[in-house]
Amino acid sequence: MHLTQQRPHHDISALFADAQPDFLRVSAPMVRYSKLEFRRLVRLNGVQLAFTPMMISDSINNSEKARQNEFSTGADDQPLIAQFAAKDPSEFVTSAQLIYPYVDGIDLNCGCPQSWAISKGYGCGMLRQPELVRQVVQEVRRTFPTDFSVSVKMRLLGGEDSLERTIDLARQLEHAGVTFLTLHGRTPAQKHSKDTLDIPAMSEVRQSLRIPLIVNGNVETYKDACDLHEQTGAAGVMAARGLLANPALFNSAYPDSRSTPLSCVQQWLDISAAAGDNLLFQCFHHHLTFMWSAQMKRELRVQFNSLGSKTKVVEFLKEHYSLQSGEDDPVPADYTDCTYTHFTPPKHARHIAAESDELAWSSKSDGKFFTEFRAHQLTGTGGEDLELGGLFGDE
C-alpha cells in the first residue's frame, strides 16, 4: 500500500538519543488545550516533542467535520504525535492512515481514568485487555514503515502485583514494536491525586525496558522535571497541567518558576494575532486565564473573566501589564490544508452516531477543568487537587 506523506517524518527514536544525557521535554495530549497555537507557544519555550489533544478514533474515521474541527497543523508544528482513543486494531489503524501525512507518529491512549472511557473500553479500559493492546500495536507495525512512530500512553496497572503486571505489559508492547512508552505513575483508581505518584515504580519499569520511556506526573516546574528524570532515569518527561499554568515550564531560564513569565504571555498574544480567526476566542481567553490569572488581584480577575473579545482582552493587558497586541498587521500564521482524500476509511468501520453524540463536547462550553479552575481562582482556594479529567476527554 502506497502511503502519502505531506512532509518527511522525524525519527522519534533519534530524538531521544539526541537528548541524552539530558531528557526529552514533552507536551502532553490535553483535550481542548494542546491545539496547534498552544503547541507553537510551548515549542518556543523548550518543548521538543508535542502531542495533539486526544481524539476519538470512531469520530475521526467517520466524520470529515470531526477531522477538520479536531486536528490542525502547520509547517513549524513538528515533531508531532497524534493521540487517539480506540478499542480495536482496525479503528486505530484507520485513524493512523488518515493522519499519516501530517504527523510523525500515532499514540494509543490507555491512560484516561474517567468512568465514561473505561465503561466504553477506551483509555484505562484497554488496560483490562493487555492482549488487545498488543494486537493494536502489532497491526500498526504491520501497516506502516518503521520510521513512523507508534506508542502507548498508559498507567500503572491496579490491583495485586501491580508493578509486575505493569512491567509485563510494557515488555509485551516493546516486543510488539512500540517506539516508546509513556507512563503515568498512578493506577487508574488513583486518577490524579498528587500524593500517590509512585516514582520507584516508574523507575523499575524504566529499568525493565530497552526502548525509551517518558514519565508523567506532578511536573509543575523545570526543577520538578529535572528531579523526575534524575529519580527515574527516564528518557523523557511529560507535563500537562504544569504547562497550562506556565507554558515556559521547560524553559531552563526559569528553573524554579511556577508562574508564567510576562514575555511568554506576550508570545501568546503574538501567536494569537497571527492565528486570526483560526484561534477561537474561548481558547485564547482560557489559556490566558490559566497562565496569568494567578498574578491578578481578585477584582482584576473578575473583570478579566467577563471580557468577551480578543480586542477587549488585549486592551486590558495593555492597560494593566503594558503588554501589546503584537504587530498591527501581523503575518498570518501557516496552517496546512489538511485533506483526507488519500485514504477512504473502510466501509466496515463502525458508525456510532448515538455514541458520538453522547461523547461530543461543545467548543463553546467552558469544560469541567476550566470551570473548576476559575472557581478556585476567584475563591482563592488554590485548586492544587483539581480533577484533570476534563483535560483527557471526559466531556
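Residues numbered from 1 in each chain as written. Predicted model: local features only at pLDDT ≥ 70, side-chain atom pairs only at ≥ 80, totals over all residues. Heavy atoms only, no water.

1. Observations concerning the overall build of the protein chain
A count of helices and strands for the protein chain gives 17 helices and nine strands. Counting across all 395 residues of the protein chain, residues that qualify as buried make up 57%. Sequence separation of 24 or more characterises 73% of the internal contacts of the protein chain that already satisfy a separation of 6 or more. Summed over its atoms, the accessible surface of the protein chain is roughly 16,300 Å², and 49% of this surface lies on carbon and sulfur atoms. (Helix = DSSP H or I, 4+ residues; strand = E, 2+ residues; numbered from the N terminus. Buried < 20%, exposed > 50% of the residue type's maximum accessible area, 1.4 Å probe, protein only. Contact = heavy atoms within 4.5 Å. Areas by Shrake-Rupley, 256 points an atom, 1.4 Å probe, with all protein chains shown as cover.)

2. What to know about the packing of aromatic side chains
Going through the model one piece at a time under the given rule, you end up with 12 aromatic pairs. When the ring of Tyr33 is compared with that of Phe290, the centres are 5.1 Å apart and the planes differ by 90°; the resulting orientation is edge-to-face. Taken together, the residues Tyr33 in the loop between strand E1 (24–27) and helix H2 (36–43) and Phe290 in helix H13 (residues 281–292) connect sequence positions 257 residues apart. Like Tyr33, the residue Phe290 is buried in the burial classification. Considering the side-chain rings of Phe316 and Tyr321, the 6.5 Å spacing of their centres and the 55° angle between planes classify their relative orientation as tilted. As far as the burial class goes, Phe316 and Tyr321 line up, both buried. By the ring-pair criterion, three or more aromatic residues cluster together here, those being Trp292, Phe304, Phe316 and Tyr321. Sitting above the plane of the Tyr335 ring, Arg40 keeps its charged end 5.1 Å from the centroid. The ring of Tyr122 carries the charged tip of Lys87 above its face, separated from the ring centre by 4.8 Å. (Phe/Tyr/Trp six-rings, centres within 6.5 Å; stacked < 30°, edge-to-face > 60°. Lys NZ or Arg CZ within 6 Å of the ring centre and 35° of its normal.)

3. Examining unusual backbone geometry
Excluding glycine, a negative phi dihedral is what most residues carry, and trans is how most peptide bonds are arranged. Of note, the amide linkage connecting Gln20 to Pro21 takes the cis form, showing an omega dihedral of 0°. The residue Pro21 is located in the loop between helix H1 (12–19) and E1 in this model. In the segment running from Gln78 into Pro79, the intervening peptide bond is cis, with an omega of 0°. The residue Pro79 is located in the loop between helix H4 (64–70) and strand E4 (80–85) in this model. The phi angle at Arg32 is positive, at roughly 80°, despite the residue not being glycine. Relative to the elements of secondary structure, Arg32 occurs in the loop between E1 and H2. By relative accessible area, which is 7% here, Arg32 ends up buried. One non-glycine residue with positive phi stands out, namely Ser322, at about 60°.

4. Looking at helix H9 (residues 199–207)
Buried within H9 we find Ala201, Met202, Ser203 and Val205. Tucked into the core, H9 has its buried residues touching helix H8 (162–176), strand E7 (180–184), strand E8 (213–216) and helix H10 (222–232). Put simply, Asp198 is the residue that caps the front of H9, since its side-chain oxygen is 3.0 Å from the backbone nitrogen of Ala201. (Polar contact = N/O pair within 3.5 Å; in protein donor to acceptor, adjacent residues only side chain to side chain.)

5. Overview of the nonpolar core
Membership of the largest hydrophobic core comes to 111 residues, with the highest contact counts inside it found for Val152 and Leu288. Those residues within four positions of Val152 in sequence are excluded, and the remaining contacts are Asp107, Leu108, Cys110, Val133, Val137, Leu173, Val178, Phe180, Leu181 and Thr182. Core analysis: the second largest hydrophobic core is formed by eight residues, Val31, Ala85, Cys112 and Tyr122 among them. (Core = buried A, V, L, I, M, F, W, Y, C linked by side-chain atoms within 4.5 Å.)

6. Let's talk about the confidence of the model for the protein chain
Do not read the fine detail of predicted coordinates wherever pLDDT is low. Within the protein chain, residue pLDDT values average 87, and 86% of them lie at 70 or more. Here residues 349–361 scores under 50 on pLDDT; set against residues more than four positions off or in separate chains, the count is 22 contacts. Contacts of residues 382–389 to residues separated by more than four positions or lying in other chains number 22 contacts, the stretch itself having pLDDT below 50. (pLDDT = per-residue confidence, 0-100.)

7. Topic: the pattern of salt bridges
Enumeration over the complete set of coordinates arrives at 10 salt bridges. One salt bridge in this structure joins Arg7 and Asp104, with 2.7 Å as the shortest N-O distance. Of this pair, Arg7 sits in the segment before H1 while Asp104 sits in the loop between helix H5 (89–99) and strand E5 (105–110), and the two are 97 residues apart along the sequence. Of the two residues, Arg7 and Asp104, neither departs from the other in class, the shared state being buried. For Arg43, the salt bridge identified is with Asp77, shortest N-O distance 3.0 Å. (Salt bridge = Lys/Arg side-chain N within 4 Å of Asp/Glu carboxyl O.)

8. A closer look at the packing of helix H14 (residues 298–305) against helix H15 (residues 310–321)
Where H14 meets H15, the axes come as close as 10 Å, and the angle between the chain directions of the two elements is 160°. When the axes of H14 and H15 are compared, the pair comes out roughly antiparallel. On H15, the residues touching Leu300, Gln303 and Phe304 of H14 are Val313, Phe316, His320 and Tyr321. (Axes fitted to C-alpha atoms, helices over the stretch in contact; angles between N-to-C directions. Parallel < 35°, antiparallel > 145°, perpendicular 65-115°, else oblique.)

9. Concerning a negative patch on the surface
A cluster of like negative charges, contributed by Glu160, Asp161, Glu164 and Glu204, occupies part of the molecular surface. Structurally, the position occupied by Glu160 is in the loop between strand E6 (149–155) and H8. Residue Glu160 is classed as exposed on the basis of its relative accessible area, which comes to 70%. (Patch = residues over 30% accessible without salt bridge, like charges linked within 9 Å, V, L, I, M, F, W, Y side chains within 5 Å. Lys, Arg positive; Asp, Glu negative; His and termini not counted. Charge placed at Lys NZ, Arg CZ, Asp CG, Glu CD.)

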